[in-house]
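The chain contents come next:
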Amino acid sequence: MAQSALLTIMTAAARKAARSLKRDFGEVENLQVSRKGPADFVSAADKRAERAIYEELHKSRPTYSFLMEEGGEIEGTDGQHRWIIDPLDGTTNFLHSIPMFAISIGLERNGQMVGGVIYNPITDELFTAERGKGAFLNNRRLRVSGRVHLADAVAVTGIKQTASARNDATTIAEAAAMNAACAGIRRTGSAALDLAYVAAGRFDGMWERDLAPWDIAAGILMVREAGGLVTDLSNKEIKPESGSVLAANEKLHAQMRKALKAV
Ligand code: 2AM
Ligand code: CA
Ligand code: CA
Ligand code: CA
């Protein structure tokens, strides 16, 4: 399958960042690390990878806007397109030498997600999606899982250290409810990879609170293009800014919603 110009650009940026991340992953003990908040770390690796992505995308599309986890917003002249970037999703894993992290790049056009790339440099798994054209893993077409009973399903979530006390209690209660209702829950530490894995049918479903736009921008398009249903946790239409996510096939989505609502 010939890759579109858009995905070629996004993939090139992700691969450039990946080379930077792999170098830093090999010497993680020497990295400069600072704290953005309690249990919220950023390292020189996050910043170097983000710079690589920014430079590559800005070179190819000089008029587009940017929203990046570390660098914030950069307004472009184009007014229609915005890149939404997490240069390293799973920083805590990265800093502990756990090879489960990803680069996430999404493109929004007039408020709609139209392109997404999620790349794990360690496994060399490249997940891509374009609006209306499907989702792929290294050129293989992706489809969400076909499981229809929550009792058979593996669901993934994330639990934040920094959420408000009330949200912490809700998060734990929801995880307990889901754990009792499904075949198993997982917590990987990378929301972007979680969504890519839902698109690939590895995880049957994903839910999470307290997420930032760059955690989910690419992933929500990926799940949708793999035939999944993705909403926020109130079952409303999802945007990168929604702050929460619930993703699965349509049947499991309804069952997961019910399990979470019972909390
Ligand atoms: P990060 O590694 O890019 O920071 C895991 O549940 C998800 O939550 C990841 O996407 C992770 O992104 C994000 N995350 C981790 N720690 C966080 C924190 N303290 N505040 C907000 N998001 C966090
Ligand atoms: Ca972070
Ligand atoms: Ca993130
Ligand atoms: Ca990050």
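Position labels on residues start from 1 in each chain and follow its written sequence. Following the order in which they are written, the chains are lettered starting with A and the ligands numbered starting with 1. Confidence filtering applies because this is a predicted model: local features only for residues at pLDDT of at least 70, side-chain atom pairs given and counted only at 80 or more, and all residues used for totals across whole chains, interfaces and linings. Heavy atoms from the whole structure form the basis of all side-chain values; hydrogens and water molecules are not counted.

In plain terms, the rule: UniProt positions are given in the numbering used here, feature names are shortened, and annotations may be inferred rather than shown by experiment.
The name given to the chain in an unreviewed UniProt entry is Inositol-1-monophosphatase, and the organism recorded there is Maritalea mobilis. As recorded by UniProt, the Cofactor (unreviewed entry) comment attached to the chain reads in full: "Mg(2+)". What the UniProt record of the chain gives under Catalytic activity (unreviewed entry) is the line "a myo-inositol phosphate + H2O = myo-inositol + phosphate".

With respect to the nonpolar core
In summary, soluble globular proteins display a tendency toward joint burial of nonpolar side chains. For clarity, the cut-off: By convention a nonpolar core is built from buried Ala, Val, Leu, Ile, Met, Phe, Trp, Tyr and Cys residues, the set being connected through side-chain atoms within 4.5 Å. For every residue, the accessible area obtained with a 1.4 Å probe (protein chains only) is divided by the maximum for its type, and the residue is called buried under 20%, exposed over 50%, and partly exposed between those limits. Only DSSP runs of H or I with at least four residues qualify as helices, and only runs of E with at least two residues qualify as strands; both kinds are numbered from the N terminus onward.
Within the largest apolar cluster, 38 residues are counted, with the highest numbers of intra-cluster contacts made by Ile118, Phe127 and Val245. Of all the secondary-structure elements, those providing two or more residues to this core are strand 7 (112–120), strand 8 (125–130), strand 9 (134–137), helix 5 (191–199), helix 6 (213–225) and strand 15 (245–248). Ranked by size, the runner-up nonpolar core spans 33 residues in total, among them Met10, Tyr64, Phe94 and Leu107.

Quick notes on the coordination of the calcium ion (ligand 4)
Note the following rule: Here a donor is any nitrogen, oxygen or sulfur atom (N, O, S) within 2.8 Å of the metal, with 3.2 Å used for Na, K and Ca; water is not among the atoms considered, so some sites may look incomplete.
Here the calcium ion (ligand 4) is held by the protein donor atoms Glu69 (OE), Asp86 (OD), Asp86 (OD) and Leu88 (O), which lie 2.1 to 3.1 Å from it. In primary-sequence terms, the residues that donate to the calcium ion (ligand 4) follow E-x16-D-x1-L. Between the calcium ion (ligand 4) and the calcium ion (ligand 2), a separation of 3.7 Å is found, and both are coordinated by Glu69. In this pair, Glu69 sits in the loop between strand 3 (65–68) and strand 4 (72–74) while Leu88 sits in strand 5 (residues 81–89), placing the two residues 19 residues apart along the sequence. By relative accessible area, Glu69 is classed as partly exposed at 22%.

Looking at unusual backbone geometry
A positive phi angle, near 60 degrees, is found at Ser97, a position not held by glycine. With respect to the secondary-structure elements, Ser97 resides in the loop between helix 3 (91–95) and strand 6 (102–109). Judged by relative accessible area, Ser97 falls into the partly exposed class, the value being 41%. Positive phi, close to 80 degrees, is recorded for Asn139, a residue that is not glycine. Note on placement: Asn139 falls in the loop between strand 9 and strand 10 (140–141). On the basis of relative accessible area, Asn139 is assigned to the exposed category, the value being 56%.

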